[in-house]
Amino acid sequence: MTITITAFERSPDRGRGLARDMRVRWALEEAAQPYDVRLLSFKAMKEPAHLALQPFGQIPTYEEGDLALFESGAIILHIAEHHPGLLPDDKNARARAIAWIFAAVSTMEPVIVDRETARFEEGKESWYEEHLAHVERRIRKRLGELSARLGDAEWLDGNFSAGDLQMISVLLRLKGSEILRDYPNLSAYVERGEARTAYRRAFAAQKAVFLAVSAG
Ligand SMILES: N[C@@H](CCC(=O)N[C@@H](CSCc1ccc([N+](=O)[O-])cc1)C(=O)NCC(=O)O)C(=O)O
């Protein structure tokens, strides 16, 4: 059955692969699953047809036959559970890989999104600099803990998994910042993810959308 995901018609990430459709694209490429993309304007995202799929008016969503899913973590887990290559066969290792999906979205991503929110929405406030220092301290705490756990391993727990895909996708939102550069093993971990063929195919596909819109 055809898989259809939704993505920004004009992504504010300007083809840098930071919007969350990228991580779903990546998972589908790792699973060697072809997919269609329905591109949505910001307006269309808030209209009833899309709200029926995604109650918060956001992307991505995932449709396959009579299944409609939202929440990128849930979509990635669904893909991983239904296709080989993203979760180990061993049941305990599989459970640990799923734990890393949750760790990425519920422990690591919120502190990183806090920094983006502060920079985009609070930059003019008198307390911005002090607030940003606290936010970045919280990010560094989590990065230090993740760095210690990863050590010199290639992936978080054995072979590459959906947990790595989600964690690397979250860490990529720090790409280019001096913060991630302070954790060389995490920078190298992210680069290993970016070097994967599936990542590069997903990145090229989402960037092609931006280039087409920019050329239009
Ligand atoms: N928890 C949901 C969150 C989905 C979400 O945040 N979607 C964003 C796009 S990805 C977040 C995002 C947006 C932009 C950049 N960027 O770099 O420009 C990066 C990430 C969205 O639709 N925003 C529009 C809205 O909320 O009205 C999930 O993981 O699926």
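What counts, and where the lines are drawn
Residues numbered from 1 in each chain as written. Predicted model: local features only at pLDDT ≥ 70, side-chain atom pairs only at ≥ 80, totals over all residues. Heavy atoms only, no water. Helix = DSSP H or I, 4+ residues; strand = E, 2+ residues; numbered from the N terminus. Rg over C-alpha atoms; globule rule 2.2 N^0.38 Å. Buried < 20%, exposed > 50% of the residue type's maximum accessible area, 1.4 Å probe, protein only. Contact = heavy atoms within 4.5 Å. Areas by Shrake-Rupley, 256 points an atom, 1.4 Å probe, with all protein chains shown as cover. Lys, Arg positive; Asp, Glu negative; His and termini not counted. Charge placed at Lys NZ, Arg CZ, Asp CG, Glu CD. Expected span 1.5 Å × (residues − 1). Bend = angle between axes of the 7 residues up to and from the residue. Polar contact = N/O pair within 3.5 Å; in protein donor to acceptor, adjacent residues only side chain to side chain. Pairing = 2+ DSSP bridges. Axes fitted to C-alpha atoms, helices over the stretch in contact; angles between N-to-C directions. Near = heavy atom within 4 Å. Nonpolar A, V, L, I, M, F, W, Y, C, P; charged D, E, K, R; others polar. Salt bridge = Lys/Arg side-chain N within 4 Å of Asp/Glu carboxyl O.

Enquirer: How should I be thinking about the overall build of the chain in this particular structure?
Expert: The helix and strand tally for the chain stands at 10 helices and 4 strands. The order of α-helices and β-strands along the chain, N terminus first, is β-α-β-α-α-β-β-α-α-α-α-α-α-α. Here the C-alpha radius of gyration of the chain, 17 Å, is about what a compact globule of 216 residues would show, namely 17 Å. By principal-axis analysis of the C-alpha atoms, the chain measures approximately 50 × 45 × 30 Å. Across the 216 residues in the chain, those meeting the buried criterion constitute 48%. For the chain, the proportion of contacts with a sequence separation of at least 24, taken over those separated by at least 6, is 67%. Put simply, the chain shows about 11300 Å² of open surface, and 53% of that area lies on carbon and sulfur atoms. When the 29 basic and 32 acidic side-chain charges of the chain are each reduced to a single mean position, those positions are 3 Å apart.

Enquirer: Explain helix α1 (residues 21-30) here, please?
Expert: Think of an α-helix as turning once every 3.6 residues; residues three or four places apart then point the same way. Across the 10 residues that make up α1, a large majority, 10, are buried. Taken residue by residue, α1 has Asp 21, Met 22, Arg 23, Val 24, Arg 25, Trp 26, Ala 27, Leu 28, Glu 29 and Glu 30 as its buried positions. Positive backbone phi, at 55°, marks Ala 32, one or two positions downstream of α1.

Enquirer: Help me out: how do you make sense of helix α5 (residues 91-121) in this one?
Expert: A rise of 1.5 Å per residue sets the reference length of α5, with its 31 residues, at 45 Å; its end C-alpha atoms lie 43 Å apart and thus fit the reference within 8%. Taking the largest bend as the criterion, α5 deviates by roughly 50°, centred on Glu 109, and proline Pro 110 comes between one and four positions later. A distance of 3.1 Å separates the backbone nitrogen of Asn 92 from a side-chain oxygen at the start of α5, and that oxygen is part of Asp 90.

Enquirer: Please clarify how the environment of Asp 90 should be interpreted in this entry.
Expert: By the secondary structure assignment, Asp 90 is in the loop between α4 (72-82) and α5. A polar contact is formed between the side chain of Asp 90 and the backbone nitrogen of Ala 93, at a distance of 2.7 Å.

Enquirer: What should I look at first to understand the sheet that holds strand β4 (residues 67-70) in this one?
Expert: Reading across the sheet, the 4 strands line up as β2-β1-β3-β4 and stay open at both edges, with mixed pairing between neighbours. Whereas interior strands pair on both sides, the edge strands pair on one side only; in this sheet they are β2 (36-40) and β4. Put simply, the sheet's adjacent strands are angled 20° from each other on average, direction ignored. The pairing of strand β1 (residues 3-8) with strand β3 (residues 61-64) spans 3 bridges and is classified as antiparallel. Looking across to β3, one finds that Ile 5 is bridged to Tyr 62.

Enquirer: When you look at the site of the ligand in this model, what are you seeing that I'm missing?
Expert: Around the ligand sit 16 residues, and of these Arg 20, Lys 46, Ile 59, Glu 71 and Ser 72 come closest. Between the ligand and Pro 12, the relevant distance is 3.4 Å, taken from an oxygen atom to a main-chain nitrogen or oxygen of the residue. Contact with the protein chains removes 77% of the 680 Å² of surface that the ligand exposes when unbound. Split by residue class, the shell around the ligand holds 7 nonpolar, 3 polar and 6 charged.

Enquirer: Would you explain the pattern of salt bridges in this entry?
Expert: Between side chains of opposite charge, a pair can form when the charged atoms approach closely. Applying the stated rule across the entire model yields 15 salt bridges. Linking Glu 109 and Arg 20 is a salt bridge whose minimum nitrogen-to-oxygen distance equals 3.2 Å. Of this pair, Glu 109 sits in helix α5 while Arg 20 is found in the loop between β1 and α1, placing the two residues 89 residues apart along the sequence. Arg 20 gets classed as partly exposed once you look at its relative accessible area, which sits at 29%. Linking Arg 142 and Glu 145 is a salt bridge whose minimum nitrogen-to-oxygen distance equals 2.9 Å. Taken together, the positions of Arg 142 and Glu 145, both in helix α6 (residues 128-150) and 3 residues apart, correspond to about one turn of that helix. One salt-bridge network, in which partners are shared between bridges, spans Arg 20, Arg 23, Glu 109, Glu 116 and Arg 173.

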